[in-house]
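The chain contents come next:
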Amino acid sequence: MKLRLGTGMRLQWEAAQSAYVMLYPEGMIRLNEPAGHILSRCDGRTVDALITDLEAMFPDVELADDVIAFLDEADAKGWLRTEGEDHG
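Summary of the structure given here. (Residues numbered from 1 in each chain as written. Predicted model: local features only at pLDDT ≥ 70, side-chain atom pairs only at ≥ 80, totals over all residues. Heavy atoms only, no water.)

**Examining the packing of helix α2 (residues 47-57) against helix α3 (residues 64-76)**
- Contact geometry of α2 with α3 gives a least axis separation of 10 Å together with a crossing angle of 130°. Between α2 and α3, the angle is such that the two are oblique. Two packed elements cross with a definite hand, and for α2 against α3 that hand is right-handed. On α3, the residues that touch V47, L50, I51, L54 and E55 of α2 are A64, V67, I68 and L71.
- Tallied by class, residues from the contact of α2 with α3 come to 8 nonpolar, no polar and 1 charged. (Axes fitted to C-alpha atoms, helices over the stretch in contact; angles between N-to-C directions. Helix = DSSP H or I, 4+ residues; strand = E, 2+ residues; numbered from the N terminus. Parallel < 35°, antiparallel > 145°, perpendicular 65-115°, else oblique. Left-handed = near helix turned anticlockwise from the far one by under 90°. Contact = heavy atoms within 4.5 Å. Nonpolar A, V, L, I, M, F, W, Y, C, P; charged D, E, K, R; others polar.)

Next comes the structure, spelled out in structure tokens:
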């Protein structure tokens, strides 16, 4: 399963806020650093590839459970959409 931002959602870096923001038709959400790292990688990667990439950036931290929990929450909020079959 490949991850992409939800329909109508746009992620961009806001230098003035030193943070990623999620723009959507009803407004804007300022993301914390972990959320920005995760959502910036929802570009068609699989969940496994996203986790592998983050674990390479932060090798001393076990991230999989937290990343999956965040992805579930982001999906429930409509921030994400999935493509393809569920193959990790």
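Here the narrative resumes, following the displayed structure.
**Let's talk about the side chain of R41**
- Looking at where R41 falls in the secondary structure, it is placed in the loop between α1 (33-39) and β5 (43-46).
- Setting aside its immediate chain neighbours within four residues, R41 contacts L50, D53, L54 and M57.

So, to be careful, I would describe these as geometric facts and stop short of saying anything about function.
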